[in-house]
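Descriptive structure summary
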2 protein chains.
Amino acid sequence: MAKLLLKNATVLLEDGSVKESNILIDNDTIESIGNIDENCQCDKILDCTNKLAIPGFVNTHTHAAMTLLRSYADDMQLMDWLENKIWPVEAKMKSDDIYWGSMLAIAEMIKTGTTTFADMYSEMDRVGDAVTETGIRGVLSRGMIGVAPNGQQALQENIELYKNYHNAADGRITVMFGPHAPYTCPPDFLRQVAGEAQKVGAEIHIHLSETIGEVENCMKQYNMSPIALMEETGIFDCGVLAAHSVHVSEKDIAIMKKYNVRVAHNPGSNMKLASGIAPIPAMLKAGLCVGLGTDGTSSNNNLDMLEEVNLVTLLHKVNTLDPLVVPALTGVKMATEYGAKTVGLGNIVGKIAIGYKADITLFNMNHIQWCPKHDIVSLLAYSAKSSHVDTVVVNGKILLEHGRLTTIDEERVLYEASNRAMNLVK
Amino acid sequence: MAKLLLKNATVLLEDGSVKESNILIDNDTIESIGNIDENCQCDKILDCTNKLAIPGFVNTHTHAAMTLLRSYADDMQLMDWLENKIWPVEAKMKSDDIYWGSMLAIAEMIKTGTTTFADMYSEMDRVGDAVTETGIRGVLSRGMIGVAPNGQQALQENIELYKNYHNAADGRITVMFGPHAPYTCPPDFLRQVAGEAQKVGAEIHIHLSETIGEVENCMKQYNMSPIALMEETGIFDCGVLAAHSVHVSEKDIAIMKKYNVRVAHNPGSNMKLASGIAPIPAMLKAGLCVGLGTDGTSSNNNLDMLEEVNLVTLLHKVNTLDPLVVPALTGVKMATEYGAKTVGLGNIVGKIAIGYKADITLFNMNHIQWCPKHDIVSLLAYSAKSSHVDTVVVNGKILLEHGRLTTIDEERVLYEASNRAMNLVK
């Protein structure tokens, strides 16, 4: 599609203001915002009256294929959950399970307004296929467990993934290296990963300081925090997307700032797994870039970024007993502009601005939750539902039109995912 | 309608189990659950294949008419918010504003699966009218500020409200007395309210121990906690629905248990206003009855009970660092069975059981968030969205059918509410 016009939209601009406007998209890029040139020849015009256009949500941390395990094991202690439920089933997953689990996740993400997701799992070429086919944007990393027998093989797969998929699908796919965590990847392995990543200029996606236990064990074993240990291994020299970072000290935050480590904050997952509450207001104050993520559906249990916006705005208010922290616009930015920066795409997505890729989510404001309209941003963060997402554009292409997926056979995905999920837990 | 059959539903039963079944409703009451009598002559049959039937949600604490102020004032300090934003606008509200604000709230509540709400506000006869017309169930109380010039008048209005509306609308309306809070109602006023309530056998709906400041001031002024003060005034002898109860000690909980005080827990509001985190696991352990509420939309900002289920299951896990507290079924029960007990209707609603009033919410499980179906209750609490509510029955009458309100002209409500809201803040 050469030219797409979003006509009469209510547009959330970078400065937080909201104005009635038109958005003209040329191929994959936002060409102009404002009055329509009457001579403009558009290939498609979408009437966006009473629709709010925001930058598409960026889910900065998830494990898409795990969606096959949604509701399989909840309300359990972490190690009991992993050892007796999650890992045994994951060990049975086949390549096609990864594909259909990812398709299920992507279908949900597009329908709830997410245009980019950062994923860490195995068989990532199949996730890459799903991203390629569906038209969403993906930041993919091969999850590597350094202490596992297949640690070296996983690293080799991440190297191959980078070679074959980085900048693939019209640039919609980028690839990072995915060492799982300090407690599953010894320092030598991390040094090796950092070396391989630097060879090709790749960044790192890693779980850091998710639980108190992880930090305590790291202190015992290495006499330093996971954050300090990462600095020592060279991981932070690569550019890092750090998932969770719940238990970080002021000193840790200073190290993270020094290396511009970006944080994927997952309030829903941290709450459900009782991991703790990350010091997000302190991180923001220190100038860290913080995006939002859902984590996998085994610990959330959906991929709803607007829910995370709501959670991040509420959780830190009650945790600090300060109703002014993480106001509505900050929550929305963490899910869009800051999220884009967090996954390394801040120069091309995360804003509705001229020259940016056209990754746009449109909410239908003809719902009760948007009435009355005293403040649109407040309505978005505190009242609206992801089910109000009407239309989603990624890279200039419409992936959801009036609630209907255009690139995914939803019925088939539900059928395949459901059958495969039931077979896995038999 | 004499006989309504919900055919082939997936039914959430009192013990937490879920089974495929039929629900036969005779007039306003659940007559049978199970196999259909082939000779059954039904006036209407709803095919409920792949629909989950749960007891309708009970919103144990809200201020419906305030929905006109949704998104009007957020991200503010409590007193700044009240004094400079909320109170000045409330002072301008006319009787018709109360009516249309309540209609807006009721429309949202029905569409998101709520079948009963406990309300506290002024001009409650207009809320009573809205309840009567729409078919929802309401537990109404006149909010009384004892220190205000109109304190005695408000009490008189509550007495009148009881006289005119208690057990009205086929029993769908019950009335409580609504002294606002210990910090706005001096002990003498509370004694007077308790006396009037006891004369007619009414219960009390009151805000208790919402903020640290409230408790500290009460300790200073009376040398006892708000809970202990209530015992002293005789309020607790009436049967009490206590909203919030965030800052309560073990001793307070013991007093509450002694009088069977039921708690309306409002996690969303408590988080957004940074009031604090109520010790819900301790209350449940002590055997207190705890229901869920949304509070008003000025401090939430919607009336979505499923969102509160999600919040209550997540918030207390992270607050106690224990992933086992408030599991999925407990969260759901707090929004249904326990909620019904909390508002004094435990004998007639809150369960899908023979002899109970037919207040039933049906979720359409043909949505991605319900796939795969390893555990239905877990899906409901952790993944589903209120937008999946398909059909709602109250007192045997269908108020929402396949997403369409049957007793409310939604377009007119949005129009009236929106106009009136904008005029109020001019």
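Residues numbered from 1 in each chain as written. Chains lettered and ligands numbered in written order. Predicted model: local features only at pLDDT ≥ 70, side-chain atom pairs only at ≥ 80, totals over all residues. Heavy atoms only, no water.

Secondary structure assignment for chain A yields 15 helices and 17 strands. Relative to all contacts within chain A whose residues are 6 or more apart in sequence, the contacts with residues 24 or more apart total 71%. Counting every atom, chain A has about 14500 Å² of accessible surface; 47% of that belongs to carbon and sulfur. Between the mean site of the 36 positive side-chain charges and the mean site of the 51 negative ones, chain A shows a separation of 1 Å. (Helix = DSSP H or I, 4+ residues; strand = E, 2+ residues; numbered from the N terminus. Contact = heavy atoms within 4.5 Å. Areas by Shrake-Rupley, 256 points an atom, 1.4 Å probe, with all protein chains shown as cover. Lys, Arg positive; Asp, Glu negative; His and termini not counted. Charge placed at Lys NZ, Arg CZ, Asp CG, Glu CD.)

The next point concerns the relation of the copies chain A and chain B. Each copy superposes on the other: chain A lies on chain B with an RMSD of 0.0 Å after a rotation of 180 degrees and an axial shift of 0.0 Å. What the rotation and shift describe, once combined, is the action of a two-fold rotation axis. Ranked by how close their C-alpha atoms come to the rotation axis, the residues of chain A are headed by S387 of chain A, at 3.2 Å. Mapped onto chain B, 100% of the interface residues of chain A again fall at the interface, so both copies present the same surface. (Least-squares fit on C-alpha atoms with pLDDT ≥ 70 in both.)

As a further point, take the packing of aromatic side chains. One pass over the structure, following the stated rule, counts ten aromatic pairs over all chains. Each ring, one from Y162 of chain A and one from F177 of chain A, has its centre 6.4 Å from the other, and the planes form 40 degrees; the classification is tilted. On the criterion of sequence distance, the pair formed by Y162 of chain A in helix α4 (residues 151–165) and F177 of chain A in strand β9 (residues 173–179) is long-range, its members being 15 residues apart. For the pair shown, Y162 of chain A and F177 of chain A are each scored as buried. The interplanar angle of 80 degrees and the centroid separation of 5.0 Å between the aromatic rings of Y99 of chain B and W100 of chain B together place this pair among those described as edge-to-face. For W100 of chain B, a relative accessible area of 10% corresponds to the buried category. Among the aromatic residues, ring-to-ring pairing joins F57, F363 and W370 of chain A into one connected group. Above the ring of Y382 of chain A, the side-chain terminus of K272 of chain B is found at 4.8 Å from the ring centroid. (Phe/Tyr/Trp six-rings, centres within 6.5 Å; stacked < 30°, edge-to-face > 60°. Buried < 20%, exposed > 50% of the residue type's maximum accessible area, 1.4 Å probe, protein only. Lys NZ or Arg CZ within 6 Å of the ring centre and 35° of its normal.)

Once that is clear, we can look at the pattern of salt bridges. Per the counting criterion, the structure on display carries 50 salt bridges over all chains. Across the pair D96 of chain B and R126 of chain B runs a salt bridge whose closest N-O atoms are separated by 2.9 Å. Of the two residues, D96 of chain B is situated in helix α2 (residues 95–111) and R126 of chain B in helix α3 (residues 124–134); the sequence distance between them amounts to 30 residues. Look at the salt bridges and you will find they share partners, linking D97, R412, E416 and R420 of chain A into a network. (Salt bridge = Lys/Arg side-chain N within 4 Å of Asp/Glu carboxyl O.)

Further remarks concern the domain arrangement of chain A. Residues and elements named next belong to chain A. Per the domain assignment, the segments making up chain A are domain 1 (3–55 + 356–405) and domain 2 (57–342). Just the C-alpha atoms count here: the centres of domain 1 and domain 2 sit 28 Å apart. Contacts between domain 1 and domain 2 engage 28 residues on the former and 29 residues on the latter. Overall, the association of domain 1 and domain 2 removes approximately 2100 Å² of surface from exposure, summing both partners, and the carbon and sulfur fraction of that is 65%. It is A381, Y382 and S386 in domain 1 that bury the most area against domain 2; as a group they hold 25% of the surface buried on that side. Summed over the shared surface of domain 1 and domain 2, the result is one salt bridge. One salt bridge connects R137 with D359, and the closest N-O pair in it is separated by 2.8 Å. Along the contact surface separating domain 1 from domain 2 lie eight residue pairs in polar contact (both at pLDDT 80 or more). When residues of the side of domain 1 that touches domain 2 are traced back to their parent elements, those giving at least two are β5 (51–55), β14 (360–364), α14 (376–382), β15 (389–394) and β16 (397–401). (Domains from an automatic or database assignment. Buried area = accessible area lost by both parts, 1.4 Å probe. Polar contact = N/O pair within 3.5 Å; in protein donor to acceptor, adjacent residues only side chain to side chain.)

What follows covers α4 of chain A. Residues and elements named next belong to chain A. Given a rise of 1.5 Å per residue, 15 residues ought to cover 21 Å, and the 21 Å separating the end C-alpha atoms of α4 matches this to within 8%. Looking at α4, one finds that the buried residues are G151, A154, L155, N158, I159, L161, Y162 and Y165. Each buried residue of α4 lies within a common arc of 165 degrees when the element is viewed along its axis, so the set occupies one face. For α4, exposure combined with an orientation more than 90 degrees from the buried face picks out K163 and N164. Looking at the packing, one finds that the buried side of α4 touches α3 (124–134), β8 (137–144), β9 and α5 (187–200). Phi turns positive one or two residues past the end of α4, at N167, with a value near 70 degrees. (Expected span 1.5 Å × (residues − 1). Arc of directions from axis to C-beta.)

The next thing to look at is the packing of α2 of chain B against helix α15 (residues 410–424) of chain B. Residue and element names in this part refer to chain B. Axis separation between α2 and α15 bottoms out at 9 Å; the angle between their running directions is 130 degrees. When the axis of α2 is compared with that of α15, the two are oblique. Crossing handedness for the pair α2 and α15: left-handed. When α2 is examined against α15, the residues D96, D97, W100, M103, L104 and K111 are found in contact with a partner set consisting of E410, R412, V413, L414, E416, A417, R420 and L424. Within the contact of α2 with α15, the residues separate by chemical class into seven nonpolar, no polar and seven charged. (Axes fitted to C-alpha atoms, helices over the stretch in contact; angles between N-to-C directions. Parallel < 35°, antiparallel > 145°, perpendicular 65-115°, else oblique. Left-handed = near helix turned anticlockwise from the far one by under 90°. Nonpolar A, V, L, I, M, F, W, Y, C, P; charged D, E, K, R; others polar.)

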